[in-house]
Amino acid sequence: MPDNTLRARDEAFWQTFADRYDVQPGPINLENGYFGRLSRTVVDEYQRRIEHINSSNSVHVRQRFEQLESVEIRAQLADLLRVPAEALALTRNATDGLQSLIRNYNRLQPGDQVLVCDLEYDTVKSAMRWLAKNRGVEVIEIEPPHPASFDSLVECYRAAFKQYPRLKLMALTHVTHRTGLVMPVKAIASLAQEHGVDVILDGAHALGQIEFDLDELGIMFAGYNLHKWIGAPLTLGFLYIAPHRLEDIDPDMGEFHFPANDIRARTPYCTPNIPALLTLPLVFEEHRAIGGAAAKGARLNYLRNLWVETVRDVPGIEIMTPNDPRLYCGITSMRFTHHADQQVLAERLLNEYNLFTVARSGSACGQCIRITPGLTSTARDMRLIAQALIELS
Ligand SMILES: Cc1ncc(COP(=O)(O)O)c(C=O)c1O
């Protein structure tokens with residue numbers, strides 16, 4: 001196996017990798033956190049599958065996809081995650097899976113408390129708030145410390161569990177889309193378990209760039225999409241329920257197409273994007289061939305560190321994630337401390353420097369600009385963003 005840290009710095013290697021992707025001329029894309037590009041081979045496979053499903057229509061789908069291919073694809077996904085296939089149900093995206101888990105969690109009684117923090121994704125926050133009206137629970141909203149440290153994050157949750165003894169359920173985001181902070185999932189999940197609090201993990205940004213083992217993290221319920229760092233087409237995701245906890249999530253809105261003891265009853269029954277699903281074997285093969293999340297994560301962290309380390313001490317710039325490698329990954333936000341409106345600065349990065357980023361708000365620590373290199377980004381791109389940030393600071 002190649003050493004991922006060494007390989008992460010090998011521009012020639014990553015250039016060969018980048019050559020497998022079509023990239024339009026235009027702004028340098030540093031907003032790769034939204035969704036990932038497909039390799040040219042996956043695009044070709046996707047097109048081939050669209051054409052085939054379009055011409056064979058329901059004959060192929062009813063005779064092969066429903067009974068055989070979808071089962072095989074789920075088994076391959078389970079292999080990738082090192083979990084049993086019965087613990088996974090395919091969904092259309094992360095929100096679908098997470099909201100099904102939140103909506104159908106059946107252990108809440110009126111008067112119980114549920115917990116979210118400001119860094120959670122909006123569709124997760126709104127679903128947790130929906131529980132207040134529909135289950136009669138109280139929603140506790142906390143703001144983890146900023147700047148954060150591993151211990152202060154854990155302490156913040158410990159304090160919440162003590163302060164709110166009626167807590168039964170919480171949302172936790174592995175990598176927050178607002179600042180890029182990576183949460184100490186294992187430590188928080190272990191504390192939660194001690195206090196009888198169930199965790200629903202939002203893993204959207206983690207899958208494909210952070211190596212994890214759900215069992216080892218102590219996570220029983222989680223939702224993911226497949227379009228960020230794995231390299232799959234849009235419209236695909238999945239939810240995870242540890243098999244011994246399946247009974248704690250009801251079938252989705254009376255879902256009956258699968259038996260009640262089948263996790264697939266926990267998702268809305270629908271006609272999925274079959275051609276997209278059929279690309280997954282190739283997507284998984286390519287993800288593995290490059291070295292999986294370990295190799296991708298090492299490259300993204302290397303690129304992230306190139307710009308972060310250049311600007312971290314520059315007056316007028318604040319990096320929103322700490323320097324602790326346990327708490328950051330490739331996606332990292334920054335803020336121009338002398339400017340109130342970060343959106344204006346994101347626009348200047350685009351208009352004056354041809355660098356495409358995205359402004360983010362909604363966290364208690366304030367507005368920021370999210371900078372996310374992708375797998376086709378180069379060390380030169382990182383020098384350009386660092387230089388632009390210094391000039392604008
Ligand atoms: C942290 C996080 N959670 C959930 C989602 C929702 O994912 P999806 O669009 O697949 O529903 C996103 C989307 O970017 C996200 O960043």
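Not measured: the values here are computed from a predicted model.

Enquirer: I would appreciate a short explanation of helix α6 (residues 122–135) in the present structure.
Expert: Helical geometry note: an α-helix holds 3.6 residues per turn, so side chains three or four residues apart project in the same direction. With 14 residues, α6 should cover 20 Å at 1.5 Å per step; its first-to-last C-alpha distance of 19 Å lies within 8% of that length. Of the surrounding elements, those touching the buried residues of α6 are α5 (94–104), β3 (113–117), β4 (138–142), β5 (167–173) and β6 (198–202). Two residues or fewer after α6 comes Gly-136, characterised by a positive phi angle close to 70°.

Enquirer: What am I meant to see in the pattern of salt bridges here?
Expert: For side chains of opposite charge, pairing can occur when their charged atoms come near one another. Under the defined criterion, the tally for this structure stands at 22 salt bridges. Of the charged contacts in the structure, one is a salt bridge between Arg-107 and Asp-198, with a shortest N-O distance of 4.0 Å. One end of the pair, Arg-107, is in the loop between α5 and β3; the other, Asp-198, is in strand β6, and 91 residues separate them in sequence. Residue Lys-168 is joined to Asp-112 by a salt bridge in which the shortest nitrogen-to-oxygen separation is 3.5 Å. You can see Lys-168 sitting in strand β5 and its partner Asp-112 sitting in the loop between α5 and β3, a full 56 residues away along the chain. Judged by relative accessible area, Asp-112 falls into the buried class, the value being 8%. Salt bridges sharing partners connect three or more residues here, namely Arg-107, Asp-198, Arg-245 and Asp-248.

Enquirer: I'm lost on the side chain of Asn-104 in this one. Help?
Expert: Position of Asn-104 among the secondary structure elements: in helix α5. Among the polar contacts made by the side chain of Asn-104, one reaches the main-chain carbonyl oxygen of Ser-100 at a distance of 2.8 Å. Beyond its immediate chain neighbours, meaning those up to four positions away, Asn-104 contacts Asp-248, Ile-249, Asp-250, Pro-251, Asp-252, Met-253 and Arg-266.

Enquirer: What am I meant to see in the site of the ligand here?
Expert: Taken together, 13 residues are adjacent to the ligand, and Thr-95, Asp-202, His-205, Asn-225 and Lys-228 come closest. Interatomic distance of 2.6 Å between a side-chain N/O atom of Asp-202 and a nitrogen atom of the ligand. At a separation of 2.8 Å, an oxygen atom of the ligand approaches a polar side-chain atom of Asn-225. For the ligand, the protein covers 89% of the area, taking 390 Å² as the surface of the free molecule. Looking at the shell around the ligand residue by residue, the classes come out as 4 nonpolar, 7 polar and 2 charged.

Enquirer: It is not clear to me how the nonpolar core should be interpreted in this structure. Could you clarify?
Expert: One broad rule of soluble globular proteins: the nonpolar side chains tend to lie buried together. In this structure, Tyr-157, Met-170, Met-183 and Leu-226 are the most contacted members of the largest nonpolar core, which totals 93 residues. Of the residues forming this core, the biggest block, 7 residues, is contributed by helix α4 (residues 58–81). For this core, the domains that each give at least three residues are domain 1 (4–30 + 292–392) and domain 2 (48–285). Residues in contact with Met-183, not counting those within four places in the same chain, are Cys-117, Leu-119, Pro-144, Leu-153, Tyr-157, Leu-172, Thr-173, His-174 and Ile-188. Residues Val-314, Leu-349, Ile-369 and Ile-385 belong to the second largest nonpolar core, which totals 27 residues.

Enquirer: Help me out: how do you make sense of a nonpolar patch on the surface in this one?
Expert: On the surface, Tyr-34, Phe-35 and Leu-234 cluster together to form a nonpolar patch covering roughly 310 Å² of accessible area. In this fold, Leu-234 is placed in the loop between β7 (221–225) and β8 (237–241).

Enquirer: It is not clear to me how the pairing of β3 should be interpreted in this structure. Could you clarify?
Expert: Looking along a regular strand, one sees the side chains alternate between the two faces of the sheet. Summarising burial for β3: 5 of the 5 residues are buried, a large majority. As paired strands, β3 and β4 are joined by 5 bridges and run parallel to one another. Of the residues in β4, the one forming a bridge with Gln-113 is Glu-138. The β-α-β motif built from β3, the intervening α6 and the parallel element β4 has right-handed crossover chirality. Of the strand pairs in this sheet, β3 and β5 are connected by 3 bridges, and their pairing is parallel. Bridge pairing in β5 links Val-114 to Leu-169.

Enquirer: How should the domain arrangement of the protein chain be read in this particular structure?
Expert: One frequently used descriptor of interface size is the decrease in accessible area upon assembly of the parts. Here the protein chain is partitioned into domain 1 (4–30 + 292–392) and domain 2 (48–285). Taking the mean C-alpha position of each, domain 1 and domain 2 sit 27 Å from one another. On the side of domain 2, 24 residues touch domain 1, which itself brings 30 residues to the contact. When the two sides are added together, the surface that domain 1 and domain 2 hide from each other amounts to roughly 2100 Å², 61% of it contributed by carbon and sulfur. Between the two partners, domain 1 and domain 2, sit 0 salt bridges. Seen at the junction of domain 1 and domain 2, the total is 10 residue pairs in polar contact (both at pLDDT 80 or more). Each residue belonging to the side of domain 1 that touches domain 2 can be placed in one class, and the counts come to 13 nonpolar, 10 polar and 7 charged.

Enquirer: I tried to follow the sheet that holds β6 on my own but got confused; where do I start?
Expert: Hydrogen bonding along the main chain pairs the strands of a sheet, whether they run parallel or antiparallel. Pairing within the open sheet is mixed, and its 7 strands lie in the order β2-β8-β7-β6-β5-β3-β4. The open sheet has two edge strands with one neighbour each: β2 (88–91) and β4. Neighbour to neighbour, the strand axes of the sheet diverge by 20° on average, direction disregarded. Seen against the sheet, helix α8 (residues 185–194) touches β5 and β6 and runs at an angle of roughly 175° to β5.

Parameters and conventions
- Every residue gets a number counted from 1 within its own chain, in the order that chain's sequence is written.
- The predicted nature of this model means local features are confined to residues of pLDDT at least 70 and side-chain atom pairs, given and counted, to a pLDDT of 80 or more, with totals for whole chains, interfaces and linings taken over all residues.
- Excluding hydrogens and water, the side-chain figures rest on all heavy atoms present in the structure.
- The secondary structure listing takes helices from DSSP runs of H or I that are at least 4 residues long and strands from runs of E that are at least 2 residues long, numbered from the N terminus.
- Multiplying 1.5 Å by the residue count of a helix minus one yields the expected span of that helix.
- Pairs of residues are marked as contacts when any of their non-hydrogen atoms sit within 4.5 Å.
- Criterion for a salt bridge: a side-chain nitrogen of Lys or Arg within 4 Å of a carboxyl oxygen of Asp or Glu.
- Type-normalised accessible area, obtained with a 1.4 Å probe on protein chains alone, sets the label of each residue: buried when under 20%, exposed when over 50%, and partly exposed for intermediate values.
- Polar contact is defined as a pair of N or O atoms within 3.5 Å, subject to the rule that within protein one atom must be able to donate a hydrogen and the other to accept it, and that residues adjacent in sequence are counted only when both atoms are side-chain atoms.
- Residues are labelled near a given molecule or strand when at least one of their non-hydrogen atoms is within 4 Å of it.
- Note on areas: these come from Shrake-Rupley sampling with a 1.4 Å probe, and a residue is covered only by the protein chains present in the view.
- Each residue is assigned to one class: nonpolar for Ala, Val, Leu, Ile, Met, Phe, Trp, Tyr, Cys and Pro, charged for Asp, Glu, Lys and Arg, and polar for all the others, Gly among them.
- Put simply, buried Ala, Val, Leu, Ile, Met, Phe, Trp, Tyr and Cys residues joined by side-chain atoms within 4.5 Å make one nonpolar core.
- These domain boundaries are the output of an automatic or database domain assignment.
- For patch building, the residue pool is restricted to those with more than 30% relative accessible area and no salt bridge; the joining distance is 9 Å between like charges and 5 Å between nonpolar side chains (Val, Leu, Ile, Met, Phe, Trp, Tyr).
- Here, any two strands with at least 2 DSSP bridges between them count as paired.
- Assignment of crossover handedness uses the view with strands pointing away from the viewer, where a clockwise path from the first strand over the helix to the second indicates a right-handed crossover.
- Put simply, buried area is how much 1.4 Å-probe accessible surface two parts lose in total, over both of them, once they are put together.
- Between the N-to-C directions of two axes lies an angle of 0 to 180 degrees, each axis being a line fitted to C-alpha atoms and, for a helix, fitted only over the stretch in contact.

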